[in-house]
Amino acid sequence: MNGWEASVEAQIRSAQERGEFDNLPGMGKPIPGRNLPYDESWWIKSFLEREALPSDLLLPTPLQLRRKVERVPDEVRDLPTEEAVRGYVADLNAEIIAWLRYPEGPRVVIRPVNADDVVRRWRAERRPAATTPAAPASAPAATRRTRRGWWLPWRRRAA
C-alpha cells in the first residue's frame, strides 16, 4: 500500500473508532432500487423525487405551455377579482407569444388564450347555483327540431 492509501485508511479507521459511522441514515435498510433493472434516467427521477419537483419540468417548452393552457380554468377558479384573472391570462399569453417568436422544441400548435372567454367562464362558475336558471327537465320536441342543424347553415332544417 502506498502512502496516500495508507493515510486514507488511517483516517477511516480513526473515524470508525470515534463512532462517526454509527447511526447513519439508512443503516440496516436495503439499498433502494437494488433489484430493479437499470434505468438510464435514474438520477433525474431521484432528483425530481428528492426535491419534490413536478415531472412536467422534463417536458419541452411547447408542451409545458399547452399544459398550462389546459389548466387555466382550474388556476383562475380561486382568484378573487376579474383583474387577477386577466393578469394571469396576460402572463400566460406573454409566455406563449415569447415562444411563438422564437420557437424551440417540437412544433405544437399553441394559441394565446382569450381573456374574455376565461373571464366569462370564471364569472359563470362564481355565480351562486341558486341564481342560475334551471334547464327544463325535458325540452319539447318542437324545440329540439329547431335546434337540430343550427351549426350547419347550408343544411336544410327538419320541420
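Residues numbered from 1 in each chain as written. Predicted model: local features only at pLDDT ≥ 70, side-chain atom pairs only at ≥ 80, totals over all residues. Heavy atoms only, no water.

A. Expanded view of the overall build of the protein chain. Tallying secondary structure elements over the protein chain gives 7 helices and 0 strands in all. Counting from the amino terminus, helix and strand elements in the protein chain follow one another as α-α-α-α-α-α-α. Within the protein chain, buried positions represent 14% of all 159 residues. Long-range pairs, those at least 24 residues apart, make up 52% of the contacts in the protein chain with a sequence separation of at least 6. (Helix = DSSP H or I, 4+ residues; strand = E, 2+ residues; numbered from the N terminus. Buried < 20%, exposed > 50% of the residue type's maximum accessible area, 1.4 Å probe, protein only. Contact = heavy atoms within 4.5 Å.)

B. A look at the confidence of the model for the protein chain. When pLDDT is averaged across the protein chain, the result is 82; 80% of the residues are at 70 or more. Summarising per-element confidence for the protein chain, the mean pLDDT is lowest in helix α7 (residues 141-147) (48) and highest in helix α5 (residues 82-101) (95). Predicted confidence for residues 142-150 stays below pLDDT 50, and this span has 7 contacts to residues more than four positions away or in other chains. (pLDDT = per-residue confidence, 0-100.)

C. Examining the nonpolar core more closely. Counting residues in hydrophobic clusters, the biggest one holds 14 residues, and the most contacted among them are Val76, Val85, Ile96, Ile110, Val113 and Val118. Among the secondary structure elements, those contributing two or more residues to this core are α4 (72-76), α5 and α6 (115-126). Among the elements that take part in this core, α5 stands out by supplying 5 residues, more than any other. Setting aside anything within four residues of it in sequence, one finds Val118 in contact with Val72, Val76, Val85, Val89 and Val113. (Core = buried A, V, L, I, M, F, W, Y, C linked by side-chain atoms within 4.5 Å.)

D. Seen up close, the layout of surface pockets. The computed volume of the largest pocket comes to approximately 300 Å³. Pro32, Gly33, Leu36, Pro37, Tyr38, Asp39, Trp42, Lys45 and Ser46 are the residues that line the largest pocket. Split into classes, the residues belonging to the lining of the largest pocket amount to 5 nonpolar, 2 polar and 2 charged. When its volume is computed, the second largest pocket comes out at roughly 220 Å³. (1 Å grid on protein atoms, 1.4 Å probe; cavity = no way out; pocket = protein on both sides within 12 Å on 5 of 7 lines; lining within 4 Å. Points joined across faces, edges and corners; volume = space filled by probe spheres on them. Nonpolar A, V, L, I, M, F, W, Y, C, P; charged D, E, K, R; others polar.)

E. Region of interest: a nonpolar patch on the surface. Side chains of Ile12, Phe21, Leu24 and Met27 sit close together on the surface and give an oily, nonpolar patch of about 380 Å² of accessible area. Mapped onto the elements of the fold, Leu24 is located in the loop between α1 (3-18) and α2 (42-51). (Patch = residues over 30% accessible without salt bridge, like charges linked within 9 Å, V, L, I, M, F, W, Y side chains within 5 Å. Areas by Shrake-Rupley, 256 points an atom, 1.4 Å probe, with all protein chains shown as cover. Salt bridge = Lys/Arg side-chain N within 4 Å of Asp/Glu carboxyl O.)

F. Highlighting the environment of Val109. Along the chain, the position of Val109 falls in the loop between α5 and α6. Expressed as a C-alpha distance, the spacing of Val109 and Pro62, which sit 47 residues apart in the sequence, is 8.2 Å.

G. Inspection of α1 at higher detail. An ideal rise of 1.5 Å per residue puts 22 Å on 16 residues; α1 measures up with 23 Å between its terminal C-alpha atoms. Of the residues one or two after α1, Gly19 is the one with positive phi, at around 85°. (Expected span 1.5 Å × (residues − 1).)

H. Local environment of the environment of Asp74. Within the secondary structure, Asp74 is located in helix α4. Along the backbone, Asp74 and Trp122 are 48 residues apart, and their C-alpha atoms lie at a distance of 9.7 Å.

I. Local environment of the packing of helix α3 (residues 61-70) against α5. Two elements in contact, α3 and α5, have axes separated by 11 Å at closest approach and are oriented at 155°. In terms of orientation, α3 and α5 fall into the roughly antiparallel class. Both α3 and α5 take part in a crossing whose hand is left-handed. Across the interface between the two elements, Thr61, Pro62, Leu65, Lys68 and Val69 of α3 pack against Leu92, Glu95, Ile96 and Trp99 of α5. (Axes fitted to C-alpha atoms, helices over the stretch in contact; angles between N-to-C directions. Parallel < 35°, antiparallel > 145°, perpendicular 65-115°, else oblique. Left-handed = near helix turned anticlockwise from the far one by under 90°.)

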